[in-house]
Amino acid sequence: MNKGAIIFGATSSIGKALCDQLAAEGYDLFLAGRDRDDLDIMATDLFIRHNIKVVTAKFDADKPQELPKFVHNSIAHLEDCSIAMLCLGSLGKQEDGETRFEEAAVTINRNFTAAAAILMETANAFIEKKSGTIVALSSVAGDRGRQSNYIYGAAKGGLNVYLQGLRNRLASHNVHVITVKPGFIDTAMTYGLPGMFMVAEPRAVAKSIIEAINRRRNIVYVPWFWKWIMLAIKLIPEGLFKKLRL
Amino acid sequence: MPGCKKEKITGWGRFPVSLCETYRPEKISDLTELSSQNGAVTARGSGRSYGDAALCSESALIKFERLNRFRSFDVETGILTTEAGTTLQEILQFCVPGGWFLPVTPGTRYCTVGGCFACDVHGKNHHTDGSFSHHVHQIELLTADNNLITCSREENSDIFCATAGGMGLTGLILSVTLQLVPIETAFIVQHSQRVSGLDHSMEILKKTENENNCSVAWIDCLAKGKDLGRGIVYLGNSAKRMDLSPGQARNPLFLPRPKYYTIPFSCPGWLLNRASIRAFNSLYYKRHPEGEQVKKIIDYNKFYYPLDTLHHWNRMYGRKGFVQYQCVFPDETSKDGLREILECTSAAGAGSFLGVLKRFGALGDGMLSFPMPGFTLALDFAVTKKILPFLDQLDKVVMKWGGRVYLAKDARLSAETFRAMHPNVEEWLAIKKQVDPNNHFTSALGRRLGLS
């Protein structure tokens, strides 16, 4: 029997790269995502390349109250689910969110509320099994609020704290929680964004994440140098920081 | 809708340069949305065509690099269906360990299957196996009215033939169903031989065409007089198990990872000049033993893709880039045509490392495809002020002897010349008008040649 992994947000750029890595390591996969057709195409591709079992299911991150039940059923579907990955994320439009609350709410819901719903149910399922690894993709944007993307950043910052607490709670249940903070990654979400530098390939990021799982890391920046960039940014005194245009 | 990036785009030759609005969809739904919501679109694979086939400053440029999923594979028959952005490299990594190989491959494995079909590329085995499209069972095409249609020799056959070699101007190729061929080993038995001149090369290529699946000749294009067209002929056949050394035979379908080198930045323009190229060509020629054929068992990467180990080799030609000129002459006029091309090149001193001579076999189904029975020659030229008028002069030679020029390499041919060279342009335009009357699918090349 193969080990199993479930990926929420499987059709995102990093989700795709992660699925490929996990499949190469012999995991059977449960792919959950928004685009039905794309999920099926991915499943076929993963089966042909890696000869693993793949199941797909569609879900809607904009309806968080439906998510716990969805997660419960999905995890039950895999024979031995040992990894759960959360690759949801939506940058939203900062300027729109500054004047229209519905816009801000969508960003907050997709990046935080939906994640909290999925994490709750996943955590409980893994507690029951007394094992498992939960990996959630956050963002370096959650480390410090900046005027250019603080709505997205606040949701990711909230997620960081949620994950910290969850890690604390699950440590005694032999369930491990990894917070992944990606810097600039060359994804569909960031393609064409201005001001990007030292952009990393999703495949390289996926490799680092798999390594973080194997080494049971708690919080990882990908690529690694973002740890030091964010440290420098966090050290700027607030009095000065508020006057910067970041 | 997927994000848009404005960036400077070139083909592999790095000439011309064009500021393009680019998109990079990762889902089929994004692709159909992009195609339906934009005025005009241009498809781009890996950007391995040399000139301006996959760029356009007045359209939405759609990069296919992340649409690279395998759709189906039949282990019994070796029929693979895969998305257009899949590179040959990915296919090889997947199929070689299972004992399958590409039926036709160009000199790089970094190009995409969509690009291979759109350019109807050929390999060293054209004289026995035809061009790429010959081994394609069917394609999925997204048309101007945003319908997804299947094209094959049975269904929508006219569109299939117009799309094979149609340079992406009939629609967006979404997937390609390709017939792979069985192999016993990942190695090639190669015979090479030094040849003293053009006639000799052609004679060997012609004489051996029935015994050898692959053949190609490297030509020293700076040699003059009696040495004109001297070079080295390489002949190859897929190796059987019994051909291998005990070490190779232990794992006949497995190759160690090749070593890669990278040219880190554009070399200064003066690096490749008459003297340095002449010295290189002489050295390369004389390094090969005289007389007898030399037999070697080499892996497929070394045989088919020698330049792929040198990443960014296009930077050797300097910042202004280079143009590759590839033409073909029919059998009857090949000797005269090639001689005149080589004489012009040699006289102008406009030589290149890469002079490649190949034999072509029968015509394929692609309406605008390049190959025809005869001989083809490819030459690289660094872009200088003098080179473009010089290439116009070569066009005249090609027309005079009834030949034509390869669009996948082209960056400068005129619409009139192309029409005069290719007999099927009118027929192709009739189908283009029928499937894409408003020229939704376009490219800088298409516009330059009056095709879109």
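Reading the values: the criteria
Residues numbered from 1 in each chain as written. Chains lettered and ligands numbered in written order. Predicted model: local features only at pLDDT ≥ 70, side-chain atom pairs only at ≥ 80, totals over all residues. Heavy atoms only, no water. Helix = DSSP H or I, 4+ residues; strand = E, 2+ residues; numbered from the N terminus. Rg over C-alpha atoms; globule rule 2.2 N^0.38 Å. Buried < 20%, exposed > 50% of the residue type's maximum accessible area, 1.4 Å probe, protein only. Contact = heavy atoms within 4.5 Å. Areas by Shrake-Rupley, 256 points an atom, 1.4 Å probe, with all protein chains shown as cover. Lys, Arg positive; Asp, Glu negative; His and termini not counted. Charge placed at Lys NZ, Arg CZ, Asp CG, Glu CD. Polar contact = N/O pair within 3.5 Å; in protein donor to acceptor, adjacent residues only side chain to side chain. pLDDT = per-residue confidence, 0-100. Pairing = 2+ DSSP bridges. Axes fitted to C-alpha atoms, helices over the stretch in contact; angles between N-to-C directions. Expected span 1.5 Å × (residues − 1). Arc of directions from axis to C-beta. Core = buried A, V, L, I, M, F, W, Y, C linked by side-chain atoms within 4.5 Å. Patch = residues over 30% accessible without salt bridge, like charges linked within 9 Å, V, L, I, M, F, W, Y side chains within 5 Å. Salt bridge = Lys/Arg side-chain N within 4 Å of Asp/Glu carboxyl O. Buried area = accessible area lost by both parts, 1.4 Å probe.

## Considerations on the overall build of chain B
In step 1: Secondary structure assignment for chain B yields 14 helices and 21 strands.
In step 2: For 452 residues, the compact-globule estimate of 2.2 N^0.38 gives 22 Å, and chain B sits close to it at 21 Å.
In step 3: Its C-alpha atoms give chain B principal-axis dimensions of about 60 × 55 × 45 Å.
In step 4: The buried share of chain B, taken over its 452 residues, is 60%.
In step 5: Considering only intrachain contacts with a sequence separation of at least 6, the fraction spanning at least 24 residues in chain B is 73%.
In step 6: When the accessible surface of chain B is split by element, carbon and sulfur atoms take 53% of a total near 18000 Å².
In step 7: Seen as two clouds, the 52 positive and the 45 negative side-chain charges of chain B have centres 10 Å apart.

## Quick word on the side chain of Thr143 of chain B
Residue and element names in this part refer to chain B.
In step 1: Mapping Thr143 onto the fold places it in the loop between β8 (136–142) and β9 (148–152).
In step 2: Side-chain polar atoms of Thr143 contact the side chain of Asp145, separated by 2.4 Å.
In step 3: Leave out the neighbours within four places in its chain, and Thr143 touches Ile149 and Phe441.

## Quick notes on the confidence of the model for chain B
In step 1: Of all residues in chain B, 100% attain a pLDDT of 70 or more, and the chain-wide mean is 94.
In step 2: Prediction confidence for the complex, expressed as pTM and ipTM, is 0.95 and 0.93 respectively.

## A few points about the environment of Ala144 of chain B
Residues and elements named next belong to chain B.
In step 1: With respect to the helices and strands, Ala144 occurs in the loop between β8 and β9.
In step 2: With relative accessibility at 30%, the residue Ala144 sits in the partly exposed group.
In step 3: Separated by 296 residues in sequence, Ala144 and His440 place their C-alpha atoms 6.2 Å apart.
In step 4: In contact with Ala144, not counting residues within four places along its chain, are Val435, Asp436, His440 and Phe441.

## Observations regarding the sheet that holds strand β2 (residues 28–33) of chain A
Residues and elements named next belong to chain A.
In step 1: Read across the open sheet, the seven strands follow the order β3-β2-β1-β4-β5-β6-β7; overall the sheet is parallel. The open sheet has two free edges, formed respectively by β3 (54–58) and β7 (219–222), since each of these has just one partner strand. Recorded for the sheet is a direction-independent mean angle of 15 degrees between the axes of neighbouring strands.
In step 2: For strand β1 (residues 4–8) and β2, the ladder comprises five bridges, and the chain directions are parallel. Pairing of Ile6 across the sheet is with Phe30, part of β2.
In step 3: Together, β1, β2, β4 (81–86) and β5 (132–137) form the strand contacts of helix α1 (residues 13–24), whose direction differs from that of β2 by roughly 170 degrees.
In step 4: Most of the contacts of helix α2 (residues 36–50) go to β3, to which it runs at about 170 degrees, and overall it touches β2 and β3.

## Brief notes about helix α11 (residues 387–400) of chain B
Residue and element names in this part refer to chain B.
In step 1: The terminal C-alpha atoms of α11 lie 20 Å apart, and with 14 residues this matches the ideal 20 Å at 1.5 Å per residue to within 8%.
In step 2: Taken together, the buried positions of α11 are Ile387, Phe390, Leu391, Leu394, Asp395, Val397 and Val398. In an axial view of α11, the angular spread of the buried residues amounts to 160 degrees, which keeps them on one side of the axis. Along α11, the residues that are exposed and aim more than 90 degrees away from the buried face are Lys396 and Lys400.

## With respect to the nonpolar core
Residues and elements named next belong to chain B.
In step 1: Core analysis: the largest hydrophobic core is formed by 120 residues, its most contacted members being Tyr300 and Leu357.
In step 2: It is α11 that provides the largest number of residues to this core, a total of six residues.
In step 3: If near-sequence neighbours (up to four positions away) are discounted, Leu357 is found in contact with Leu198, Ser201, Met202, Leu205, Val216, Ala217, Ile219, Leu338, Phe375, Thr376 and Leu377.

## Topic: the sheet that holds strand β2 (residues 18–23) of chain B
Paired through their backbone hydrogen bonds, the strands of a sheet run either parallel or antiparallel.
Residue and element names in this part refer to chain B.
In step 1: Strand order in the open sheet formed by four strands is β1-β2-β4-β3, with mixed pairing between adjacent strands. A single partner strand is all that each edge strand has here, and the edge strands are β1 (4–9) and β3 (41–44). Shown here is a sheet whose adjacent strand axes are inclined to one another by a mean of 40 degrees, direction ignored.
In step 2: Judged from the three bridges that link them, β2 and strand β4 (residues 60–63) form a sheet pairing that is parallel. In the sheet register, Thr22 faces β4, and the bridge partner there is Leu61.

## Quick notes on α1 of chain A
All names here are of chain A.
In step 1: The terminal C-alpha atoms of α1 lie 17 Å apart, and with twelve residues this matches the ideal 16 Å at 1.5 Å per residue to within 8%.
In step 2: Burial analysis of α1 places ten of its twelve residues in the buried class, which makes it a mostly covered element.
In step 3: Burial in α1 covers these residues: Ser13, Ile14, Gly15, Lys16, Ala17, Leu18, Cys19, Gln21, Leu22 and Ala23.
In step 4: At its buried positions, α1 is contacted by β1, β2, α2, β4, β5 and α7 (202–214).
In step 5: Just downstream of α1 lies Gly26, where phi reads positive at about 90 degrees.

## Let's talk about a nonpolar patch on the surface
Residues and elements named next belong to chain A.
In step 1: A contiguous nonpolar surface patch, about 530 Å² in accessible area, is contributed by Trp224, Trp228, Leu231 and Leu235.
In step 2: Tracing the chain through its elements places Leu231 in helix α8 (residues 226–235).
In step 3: Of the residues examined, Leu231 reaches a relative accessible area of 38% and is grouped as partly exposed.

## Things to note about the interface of chain B and chain A
In step 1: Counting from both sides, the interface comprises 22 residues of chain B and, opposite them, 18 residues of chain A.
In step 2: Across the chain B to chain A interface the summed buried area is about 1600 Å²; carbon plus sulfur atoms make up 48%.
In step 3: Across the contact surface, chain B and chain A share five salt bridges.
In step 4: Asp38 of chain A is the partner of Arg69 of chain B in a salt bridge, and the nearest nitrogen-oxygen pair spans 3.0 Å.
In step 5: Across the chain B-chain A interface, the total number found is 15 residue pairs in polar contact (both at pLDDT 80 or more).
In step 6: Tallying contributions element by element places strand β5 (residues 70–74) of chain B first for the side of chain B that touches chain A, with four residues.

## Here we look at a positive patch on the surface
Residues and elements named next belong to chain B.
In step 1: Taken together, the side chains of Lys224, Arg274, Arg278 and Lys386 present a region of like positive charge at the surface.
In step 2: Note on placement: Lys224 falls in the loop between β13 (214–219) and β14 (231–238).
In step 3: Residue class for Lys224 comes out partly exposed when judged on its relative accessible area of 45%.

## A few points about the pattern of salt bridges
All names here are of chain B.
In step 1: For the structure on display, the rule yields 38 salt bridges over all chains.
In step 2: Residue Asp52 is joined to Arg448 by a salt bridge in which the shortest nitrogen-to-oxygen separation is 2.8 Å. Taken together, the positions of Asp52 in the loop between β3 and β4 and Arg448 in helix α14 (residues 444–448) put the pair 396 residues apart, joining distant regions of the chain.
In step 3: For Asp52, a relative accessible area of 4% translates into the label buried.

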